[in-house]
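Single-letter residue listing:
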Amino acid sequence: MSSPGFKTYRPPVMEVSEEGDELLEVAMGPHHPSTHGVFRMDVALDGERVVKLKPVFGYLHRNHEKIAEKASYLASMPYTDRLDYFCSLTNNWAYALAVEKLAGLEVPERAEYIRVITAELTRIQNHASAIGFLMQEMGASGTPLMYAFREREKILDLFEELTGSRMMCNYMRFGGCRVELPVGWLNKVRVIVDGLPRFIDETEALLTGNEILMARSQGVGILKPDLAINAGVSGVMLRCTGVNYDIRKVDHYGIYDRFKFRVPLGDHGDIYDRYMLRVLEMRESVEILKQALKDVPAGPIMDPKSKIRGFRPKPGEAYGRIEAPKGELGFYLISDGSPNPYRYRVRPPSLINLTILEDMCLGQNVADVVLIFGSVDIVLGEVDR
Amino acid sequence: MIFGLSLVFILTSILTVAGALAAALLRNLVHCALSLTVTFAGLALLYLQLDAQFAGFAQILIYIGAVAILVVFAILLTRGSGIPEHRSFSSSWLAGLVISAGVFSLLSWAVIESIPASAARATPQLTVQKIGQALMSSYVLPLEIVAVLLTVALIGAVIVAMPESSKGGAK
Amino acid sequence: MLGEGILKGLGETAKNFAGSFVSKERLTTVQYPEERIAPIENTRDFPFLVYDGAEDADEAAKLAGLRCVACQICEKECPPKCIYIVKSTDKKPDYVGKPQIYPARFDIDISVCMSCQICVEVCPFEAIKMDTEFELSTTDRFGGLLFDRDHLARSNQHYHKIHPTEAAEVDARLAEEKAKVEAKAKAAAEAAAAKAAAASAAPPVVKPAPAKEPGA
Amino acid sequence: MTVISPFWTNLDQIFVLLQQWIESFFPLWLQPAVGSVLGVVAIVAAFPGIFALTTVLERKGLGRMQNRLGPNRVGPLGILQPVADGIKSLTKEDIVPLTADAAVHFLAPVVLVIAVFLGFAVLPIGRNMVLANLDAGLLFFFAIGASTELSIFMAGWSSRNKYSLLGAMRAVAQMISYEVPLLLSSVVAVMITGSLSTVKIVEAQSGFTGIFPHWYVFTPWGFAGFTLFVIAALAETNRSPFDLPEGESELVAGYFTEYSGFKFALFFLGEYLGMFSIAGFAITLFLGGWGAPLSVLSFIPSWAWFFAKLFCAICFFIWLRGTLPRLRQDQLMNFAWKFMLPMSLLNLLVAAAWRFLPEGPSRWVVCSAVLLAAYVLLGRVLMRHQHLGARSYRYAD
């Protein structure tokens, strides 16, 4: 396939399959109803079977990393909300973790608890939405998506009460959190977390045993463990192939060691496994939240030593990573002592999970390409940065 | 009642003949197939006028429902739906005209011969029940033979359509 | 048994359908223009400048009470650079009475601002806070979304209305600072008075030192 | 039959009396023509009216299933929404692609709507309220049903667009392969009644034992036939789990991608009317047509029962649409040829056995046992063949 030149973009030339009959060239996106944002797939079809698939992205590139090099450390924090705009709090946490490693800041106990609580709430509403969108692709006209959004609204209201904005929280600072918990916020979280298991049971009752869902997703878009590891895939995509790698257990960052939770693993690596893993991870997050909510200590939420303005970390480099809902989200910073970083690099889990899209889609049906793409659960803000 | 024929009969026959002509003369193959369907519909209306309900509905079900779709699919899958470049009339159209005139005259002679005989008897009161009983009693053997024939044809079609790769080893 | 899962799913939607007539929890629609969700206290939309004075003060009173001293920290720290400040040439006394520069011009381009409230965080004078007003649609894409100083200035009472707890803390801190400054000024005044008294008791040969600027 | 007061019988025959009263104004030789014209006008008015009601019902029903309200801005409780949709589709510009084949592009929705309206001719809406009491009424309905595929193909091919071509091919393939189980599952009712006429089928089901009606759906072969008929009907009208042709997620809108304005609305009218006519036939064949569900209630007019059952059928379609994801094309075909066809053939055998077995519980047990065993066995084979099934998940240490 000729790569598009910079001067004129020539559409991919018409391919001829082995049997010699002409391939049907279909470009899915960027205005296709099923791509999560602006993403294009040039798919060559032989009848209904996919012969060649070239993902084309970059439509949402906002030059995030170059801007970060010119801006101060604090000024990049609100931009991290815009990376994976479904989970702004985990993005903030990853960036704050990287800067704390760079500058050697300590985070008080209460801030650590708040970080775990907000991160797990983010994970639940992200997985619920991911399942909802996957079912939407399968044609279930929005009912599972509306179930997910009903719960997501409650969690977003919690975020608004805490940070002031539903999706663009900008809440973490280097060495803690920005604002003290409003009065009664923890009780509201307890009420909502108690309601979550009922929502997960409802979703499972609606979907897990559904024969049509099984027919459409079992054995479709299979990912082999070795390919997943070599491609650097992370998160649910990696664990659905049976590889036991969860950064919360590997890195022991934050205070995850104090909580007892399990990491579900899949055996087949197909779409049904990814769906089930997301459901089981939601249940584990509820367990973590229950344990975390029991003993949130009093105390400061900000390391007194850390300064907001004129923050000049000593020269050096640091790589902070966390288990974001989409996978391993990492920030690599090089500081030369000046108030703005010399190099600011984001390791986007969505982009890296997307590199193996063609391997999963070859030989599958065109209706499944959309499903496989949906099951990877990506957000274009993070893919294009 | 013009020339002893009812108005409705004249209209349907014009429709049928027009459909047949269009099927022969139109350039675009899919248009021909669709006008062929109009002819089948015209035939069905003629049956219904003769109060042969079962024949009329069977005609619609089989010809419009299956044969027309088959013809159209055949045209589509063999990439024949493009506009043909050469003229639709072959060079030896004169010979074609002579042959068709001959066939037409033969047919019309046979029709005229048979009219006096049938005009005497009133058309029998036909109900679907009688057809069913006739099929099951006196014509049961031909029915079964046709059934076997159709099944064999079906299986043959499936084998022809099976992709080469699977025909060899067990898929 | 084939179809068992589908029947369970159907039962689930039926339960949800019936539930939506019964329990409020299963019918979450808020009819926006007529019904509204209770305003959440910490909400932040776009910044506004705080001034100490009456709600319906006129231009001059607004300017007089304006807390902003045009130090341009927020202009430097704002990530998308949507604040534009021009310093004034003369000075006006601030809430403590000390003459301070004020912004002759303070523009925020609402279409660029991403309401990240970093300006609020870095402002040392509690002069800029986040408003909860979100119905800002205008037909004019350029002028309509460029708010100038008078459009941005809102009273402290408004601030108390939208962020009660936060406003109370800010006022407490300002009052405490004001008290400290006055105490210092009073102490300085007494010291000056004591020195003046001592000087008058002593021979009047020495000219009394010029009265020190109160609260310098 | 319990004695029913004349008031109720008049109410039951109100439309028939109305028709005769209007006919009396015309000369004798014109009366049959006027009668049939009135019948046609009634159908053309009633069923598009139900179509309008269904669009609102569908959107509100789906909304309620998804914990939201559904349209309530246009008119009280959103009742006038169809009027708004109608005006919108009328005023929208009707764009025909340049390369499209104009004649066929225009004819496709016309043929679809004509074919679907013809299907209502043989539907018995109430006691002696059927437009054309044909001797082979059911055969007429299936013949007309078969010609709607042609119009879908015309739409898909004439708009000369990759997506609509794929959508049309899928739709026609799906409808053809589901027509076979549809016909076979309805043959069961014909076999027991002994006639193809829809009116006779309804009369055969109109008796009561105790207070329970003799509907076919209450017999084992009837219930199996009914479920097979409904599943095939869903596929025939491209509804809910089988709405693949306009699968939004892959092919933007299937065969009517290139249609806009009123032609697009005509396609929707055609789809919904197809849904009503096939639901009407499911009611006629298996749910006792216009018969009352309980002998006590048989004073209520017959057409009221028909429309009540139609309303329940519509709600069932909406319920399915709100719950089930969509099947893929090849799974759809497998299901038709590997599950529906064998089950409906077996159902024919069971119905034959039912007819020749003596009365009494023995034939009940035999028939239902055979059907249940076949269903469970076939279901398990189908699922295991593609090794589908519930899974258990392990956790890391």
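Residues numbered from 1 in each chain as written. Chains lettered and ligands numbered in written order. Predicted model: local features only at pLDDT ≥ 70, side-chain atom pairs only at ≥ 80, totals over all residues. Heavy atoms only, no water.

Chemist: Got a minute to help me understand the overall build of chain B in this structure?
Modeler: When you go through chain B residue by residue, the secondary structure sums to seven helices and zero strands. Each helix and strand of chain B, ordered N terminal to C terminal, gives the series α-α-α-α-α-α-α. Residue burial in chain B is summarised as follows: out of 171 residues, 20% are buried. A fraction of 52% describes how many contacts in chain B between residues 6 or more apart in sequence connect residues 24 or more apart. Within the structure as shown, chain B displays about 12300 Å² of accessible surface, and the carbon and sulfur contribution to it stands at 77%. (Helix = DSSP H or I, 4+ residues; strand = E, 2+ residues; numbered from the N terminus. Buried < 20%, exposed > 50% of the residue type's maximum accessible area, 1.4 Å probe, protein only. Contact = heavy atoms within 4.5 Å. Areas by Shrake-Rupley, 256 points an atom, 1.4 Å probe, with all protein chains shown as cover.)

Chemist: I keep staring at the interface of chain D and chain A and nothing clicks. Help me out?
Modeler: The parts lose accessible area when they come together, and the size of an interface is often stated as this lost area. Every contact between the two is made by 34 residues of chain D and, on the other side, 50 residues of chain A. Together chain D and chain A conceal approximately 3700 Å² of surface at their shared face, both sides included; 56% is due to carbon and sulfur atoms. A per-residue breakdown of the area chain D buries against chain A is headed by R391, Y393 and Y395 of chain D, which together make up 19% of the total. Scanning the region where chain D abuts chain A turns up four salt bridges. The salt bridge partner of R328 of chain D is D368 of chain A, with a shortest N-O separation of 2.4 Å. On the surface where chain D and chain A come into contact, there are 14 residue pairs in polar contact (both at pLDDT 80 or more). The element best represented in the side of chain D that touches chain A is helix 7 (residues 162–193) of chain D, accounting for four residues. For the side of chain D that touches chain A, a count of residues per class yields 14 nonpolar, eight polar and twelve charged. (Buried area = accessible area lost by both parts, 1.4 Å probe. Salt bridge = Lys/Arg side-chain N within 4 Å of Asp/Glu carboxyl O. Polar contact = N/O pair within 3.5 Å; in protein donor to acceptor, adjacent residues only side chain to side chain. Nonpolar A, V, L, I, M, F, W, Y, C, P; charged D, E, K, R; others polar.)

Chemist: So what exactly am I meant to see when it comes to the sheet that holds strand 2 (residues 83–93) of chain C here?
Modeler: The pairing of strands in a sheet happens through backbone hydrogen bonds and is either parallel or antiparallel. Residues and elements named next belong to chain C. Strand order in the open sheet formed by three strands is 2-3-5, and the pairing between neighbours is antiparallel. In this open sheet, the two strands that pair with only one neighbour each are strand 2 and strand 5 (146–147). Both strand 2 and strand 3 (residues 99–109) contribute to a ladder of eight bridges, which runs antiparallel. Its bridge partner being in strand 3, I85 is matched across the sheet by F106. (Pairing = 2+ DSSP bridges.)

Chemist: In this structure, what is going on with the environment of E281 of chain A? I would like to understand it.
Modeler: All names here are of chain A. Tracing the sequence through the fold places E281 in helix 11 (residues 271–294). Expressed as a C-alpha distance, the spacing of E281 and S217, which sit 64 residues apart in the sequence, is 19 Å. Ignoring sequence-local partners within four residues, the contact set of E281 consists of R123, H127, V236, R239 and P264. Only 2.4 Å separates the side chain of E281 from the side chain of R239, close enough to count as a polar contact.

Chemist: Just checking my understanding: could you explain the environment of I118 of chain C for this structure?
Modeler: Residue and element names in this part refer to chain C. Along the chain, I118 falls in helix 4 (residues 118–122). Residue I118 is classed as buried on the basis of its relative accessible area, which comes to 0%. In sequence terms I118 and D90 are 28 residues apart; their C-alpha atoms lie 28 Å from each other.

Chemist: What's the story with the domain arrangement of chain B in this structure? I'm lost.
Modeler: Parsing chain B into structural domains produces domain 1 (1–80) and domain 2 (125–164). Its C-alpha centre places domain 1 of chain B at a distance of 23 Å from the equivalent point of domain 2 of chain B. (Domains from an automatic or database assignment.)

Chemist: Help me understand the packing of aromatic side chains, please; the structure alone is not making it clear to me.
Modeler: For any pair of aromatic rings, the description consists of the separation of the ring centres together with the inter-plane angle of the planes. Summed over all chains, the structure comprises 46 aromatic pairs over all chains. Look at F226 of chain D and F286 of chain D: their rings are 6.1 Å apart centre to centre, the planes differ by 65°, and that puts the pair in the edge-to-face class. Separated by 60 residues along the polypeptide, F226 of chain D in helix 9 (residues 220–236) and F286 of chain D in helix 10 (residues 261–286) bring together distant segments of the chain. As far as burial versus exposure is concerned, F226 of chain D and F286 of chain D are alike and both buried. One aromatic cluster in this structure is built from Y73, Y95, F174, F311, F331 and Y344 of chain A. Against the face of F149 of chain A rests R152 of chain A, its NZ or CZ located 5.5 Å from the ring centre. If you follow R262 of chain A out to its NZ or CZ, it ends over the ring of Y395 of chain D, 3.8 Å from the centre. (Phe/Tyr/Trp six-rings, centres within 6.5 Å; stacked < 30°, edge-to-face > 60°. Lys NZ or Arg CZ within 6 Å of the ring centre and 35° of its normal.)

Chemist: What is the right way to read helix 5 (residues 102–119) of chain D from this model?
Modeler: For an α-helix, the turn length of 3.6 residues means that residues three or four places apart are oriented alike. An ideal rise of 1.5 Å per residue puts 26 Å on 18 residues; helix 5 of chain D measures up with 27 Å between its terminal C-alpha atoms. The largest bend along helix 5 of chain D reaches roughly 30° and is located at A108 of chain D, with the proline P109 of chain D sitting one to four residues downstream. Of all the residues in helix 5 of chain D, the buried ones are V104, H105, A108, P109, L112, V113, A115, V116 and G119 of chain D. Structurally, helix 5 of chain D contributes buried residues whose contacts are with helix 2 (29–49) of chain B together with helix 6 (137–158) and helix 10 of chain D. (Expected span 1.5 Å × (residues − 1). Bend = angle between axes of the 7 residues up to and from the residue.)

Chemist: Honestly, a nonpolar patch on the surface in this entry has me stumped. Any pointers?
Modeler: Residue and element names in this part refer to chain B. A surface patch of nonpolar side chains, amounting to about 590 Å² of accessible area, comprises L135, M136, Y139, V140, L141 and I145. Elements with a minimum of two residues in the nonpolar patch: helix 5 (128–136) and helix 6 (140–161). Looking at which element gives the most residues to the nonpolar patch, the answer is helix 6, with three residues. As for its position among the elements, V140 is in helix 6. (Patch = residues over 30% accessible without salt bridge, like charges linked within 9 Å, V, L, I, M, F, W, Y side chains within 5 Å.)

Chemist: Looking at this structure, how should I read the sheet that holds strand 6 (residues 153–155) of chain C?
Modeler: Residue and element names in this part refer to chain C. Spatially, three strands are ordered 4-1-6 in an open sheet, and the strand pairing comes out mixed. The outermost strands of the open sheet, each flanked by one partner alone, are strand 4 (128–130) and strand 6. Here the strands of the sheet are splayed against their neighbours by 50° on average, with no regard to which way each runs. Both strand 1 (residues 47–51) and strand 6 contribute to a ladder of three bridges, which runs parallel. The partner of L49 across the bridge, within strand 6, is A153. (Axes fitted to C-alpha atoms, helices over the stretch in contact; angles between N-to-C directions.)

Chemist: Teacher, can you tell me more about the side chain of N16 of chain C here?
Modeler: As for its placement among the helices and strands, N16 of chain C is situated in helix 1 (residues 4–22). Contact partners of N16 of chain C, with chain neighbours within four places excluded, come to Y147 and R150 of chain A, R26 of chain C together with R64, M65 and N67 of chain D.

Chemist: Would you explain the environment of M28 of chain A in this entry?
Modeler: Following the sequence through the fold, M28 of chain A ends up in strand 1 (residues 24–28). Spatially, the C-alpha atoms of M28 of chain A and V286 of chain A are 37 Å apart, while their sequence positions differ by 258 residues.

Chemist: Looking at this model, I keep getting lost on the interface of chain D and chain B. Mind explaining?
Modeler: Listed as interface residues are 26 residues of chain D and, on the opposing side, 23 residues of chain B. If you sort the residues of chain D by the area they bury against chain B, L150, F153 and W157 of chain D come out on top, with a joint share of 27%. Our count for the chain D to chain B interface comes out at zero salt bridges. Counting across the interface, chain D meets chain B through five residue pairs in polar contact (both at pLDDT 80 or more). Among the elements of the structure, helix 6 and helix 7 of chain D are those that each provide at least two residues to the side of chain D that touches chain B. Considering each element in turn, the side of chain D that touches chain B owes the most residues, twelve residues, to helix 6 of chain D. Residues of the side of chain D that touches chain B, tallied by class, amount to 19 nonpolar, two polar and five charged.

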